[in-house]
Amino acid sequence: MAQQIREDVSVDISEWQYYRARAAAGTMIEGTIKAQYARLWDYCAKVRRSNPGSTMQMKCRTVRGDDNPHFQRLYICLGGLKAGWRAGCRPILGLDGCFIKGHHKGQLLAAVGVDGNNQMYLVAYAIVESETKETWRWFLEFLNEDLQLNNSGQVTWITDKQKWLLDVLRELFPDSEHKHCVKHLHNNFKVYHKGLFLKQQMWNAAKSTTTQRLSRKRVEIEKWKHPVGPNVFKYVEKMKSLYVYCTLVFSGNNTFQVQAGLHNQYVVDLERRTCACRKWQLVGIPCSHAMFIILISHMNPFDYVDAYYKKETYMKAYQPMIYGLNGPKLWPRSENLPVQCPEFKKQRGRPKKSRNLQSDEERKGGTTKLRKNYYVGRCGLCGQMGHNRRHCNRRRQSKPWYNCLRPSTHWRINPTEEPTTIFHVCLNQRRKPK
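The model shown is predicted, which means the values in this text are computed figures rather than measured ones. (Residues numbered from 1 in each chain as written. Predicted model: local features only at pLDDT ≥ 70, side-chain atom pairs only at ≥ 80, totals over all residues. Heavy atoms only, no water.)

Visitor: Quick question: what am I supposed to make of the nonpolar core here?
Guide: Across soluble globular proteins, nonpolar side chains show a tendency to be buried alongside one another. Formed by 46 residues in total, the largest nonpolar core has its most connected members in Tyr-75, Trp-85, Leu-95, Phe-139, Leu-140, Leu-143 and Trp-157. A total of seven residues in this core trace back to one element, the largest contributor, which is helix H6 (residues 133-147). Membership of the second largest hydrophobic core comes to 15 residues, among which are Cys-246, Phe-256, Cys-275 and Ala-290. (Core = buried A, V, L, I, M, F, W, Y, C linked by side-chain atoms within 4.5 Å. Buried < 20%, exposed > 50% of the residue type's maximum accessible area, 1.4 Å probe, protein only. Helix = DSSP H or I, 4+ residues; strand = E, 2+ residues; numbered from the N terminus.)

Here it is in structure tokens:
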């Protein structure tokens, strides 16, 4: 940026001048952080008026020495997303949280569904101070009221391995089915089972058994050439290509025994829409064994696809409208006290500039850092194994000042051997020569 200013106006600026000018420009365009927090009550009232049925719940707290309310949490569930999930999405909800970067830290909690084209569908989100059991309970209680999850056994939850989140789900939704994200399961799996082959085998096992986005989805539906979405159509075509490996062994009373390979046999029931491999029951789309029976019976495969994948159901999810908002100048003024910024808590230690990477993740530049566990190096002076040139005896003999009353830890060739510490004493010379 400094180089561009030098080329445009022929003026040299320092790095801090650039930062101060950028901060001043951001304040002029977006306003200060304090002014934005002060209009939160007005923002919630405007969203409720523009989008009927929306839920906007904000929680504030007082700070010692200040009677004004300070921001703590905010829950948002728009009426269009709420109605769209109930009308046209599969009964699956994924829960997760992420950090919020900026001057005031926090956590963003989100609940995401799955639409008829196997894509994510945002349902609700919240901004909280931290990801704890109390905040997850607060978020899920409002979500339960908005989605009317009276019979909790009809919804399947997908989460990570956080213990407090699992406890809250067991308390609020005791009859619901609970699943874990495969990515988080693999993070625990790879600690004891490393390798790309095992990772692929685990994924194979798991697979076996907002406003602009809503408007864009409505346009995409008009371009569909089949009664199901493009992703579902590709999956159906894939199952069609695998039916050549199946043969019919027995049939009777709408029940068929299909042989796939040499020693694999599965029973397919078209009336109940089940297969012994359980893939049809889990996915809702006929598997290769069921597809074989459907094709040899000259029936339409799309008639046996679950209703959640159909075009009519998909349209119900994106049919509710989310209306836009006017600028802050046209928002109605609330009678509540202006909300202050959340209490600033400085973290201990030096702030991190990057997150901690996993052991199998690539570092910047595509390089991986080698681990030094049980690594035995070779000395560059004597060529022997077990030490480097810094602790080589040949160097100590050539430089007697090197052994001045300091401990040195010898290298361990055997990892189970305890390190030995030896104090070297120099009697001839106590200071390093110039």
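Read on for the rest.
Visitor: How do you make sense of helix H13 (residues 288-296) when you look at a structure like this?
Guide: For the α-helix, the turn length of 3.6 residues means that residues three or four positions removed from each other point alike. The buried count for H13 comes to seven of nine residues, which makes it a mostly enclosed element. Of all the residues in H13, the buried ones are Ser-288, His-289, Ala-290, Met-291, Phe-292, Ile-293 and Ile-294. Elements in contact with the buried residues of H13: helix H11 (230-241), strand S8 (246-252), strand S9 (255-260), strand S10 (265-269), strand S11 (274-275) and helix H12 (279-283). Following H13 by one or two positions, His-298 has its phi on the positive side, about 60 degrees. (Contact = heavy atoms within 4.5 Å.)

Visitor: Which parts of the structure should I look at to understand the pairing of S9?
Guide: Walk down a regular strand and you will see the side chains alternate between the two sheet faces. Burial along S9 is one-sided: Phe-256, Val-258 and Ala-260 are buried, and none of Thr-255, Gln-257 and Gln-259, which face the opposite way, are. Bridging between S8 and S9 involves six bridges; their strand directions are antiparallel. Counterpart to Gly-252 in the pairing with S9 is Thr-255. From the end of S8 to the start of S9, which pair antiparallel, there are two residues, and Asn-253 there has a positive phi angle of about 55 degrees. (Pairing = 2+ DSSP bridges.)

Visitor: Is there a simple way to think about a nonpolar patch on the surface in this case?
Guide: Among the surface-exposed residues, Leu-242, Val-244 and Tyr-245 lie close enough to one another that they form a single nonpolar patch of about 310 Å² accessible area. Positionally, Val-244 belongs in the loop between H11 and S8. The class for Val-244 is exposed, based on a relative accessible area of 53%. (Patch = residues over 30% accessible without salt bridge, like charges linked within 9 Å, V, L, I, M, F, W, Y side chains within 5 Å. Areas by Shrake-Rupley, 256 points an atom, 1.4 Å probe, with all protein chains shown as cover. Salt bridge = Lys/Arg side-chain N within 4 Å of Asp/Glu carboxyl O.)

Visitor: Whenever I open this one, the sheet that holds S11 confuses me. Can you help?
Guide: The pairing of strands in a sheet happens through backbone hydrogen bonds and is either parallel or antiparallel. Read across the sheet, four strands follow the order S8-S9-S10-S11 without closing on themselves; strand pairing throughout is antiparallel. The open sheet has two edge strands, S8 and S11, and neither has a second partner. Of the pairings in the sheet, the one linking S9 to S10 comprises five bridges and is antiparallel in character. Bridge pairing in S10 links Gln-257 to Val-267. Along the sheet, H13 contacts S8, S9, S10 and S11; its crossing angle with S8, the most-contacted strand, is approximately 70 degrees. (Axes fitted to C-alpha atoms, helices over the stretch in contact; angles between N-to-C directions.)

Visitor: Explain the side chain of Asn-117 to me, please; I cannot follow it from the model alone.
Guide: Considering the arrangement of structural elements, one finds Asn-117 in the loop between strand S4 (106-114) and strand S5 (120-128). Residue Asn-117 is classed as buried on the basis of its relative accessible area, which comes to 5%. Each residue touching Asn-117, except ones within four places of it in the same chain, is listed here: Gly-229, Pro-230, Asn-231, Val-232 and Tyr-314.

Visitor: How do you make sense of the sheet that holds strand S1 (residues 55-63) when you look at a structure like this?
Guide: Strand order in this open sheet of seven strands is S1-S2-S5-S4-S3-S6-S7, and the pairing throughout is mixed. Each of the sheet's edge strands pairs with one partner strand only, and the pair in question is S1 and strand S7 (177-180). Each strand of the sheet is rotated relative to its neighbour by a mean of 20 degrees, with strand direction disregarded. Across three bridges, strand S2 (residues 66-77) lies against S5 in antiparallel orientation. Paired with Ile-76 across the bridge in S5 is Tyr-125. Contacting S1, S2, strand S3 (90-100), S4 and S5, helix H5 (residues 79-88) crosses the sheet at an angle of about 135 degrees to S5. Contacting S1, S2, S3, S4, S5 and strand S6 (156-159), H6 crosses the sheet at an angle of about 50 degrees to S2.

Visitor: Before we go on, may I ask you to explain the side chain of Ser-50 in this structure?
Guide: Note that Ser-50 resides in helix H4 (residues 40-50). Once you skip the residues sitting within four places of it in the chain, Ser-50 turns out to touch Tyr-323, Gly-324 and Leu-325.

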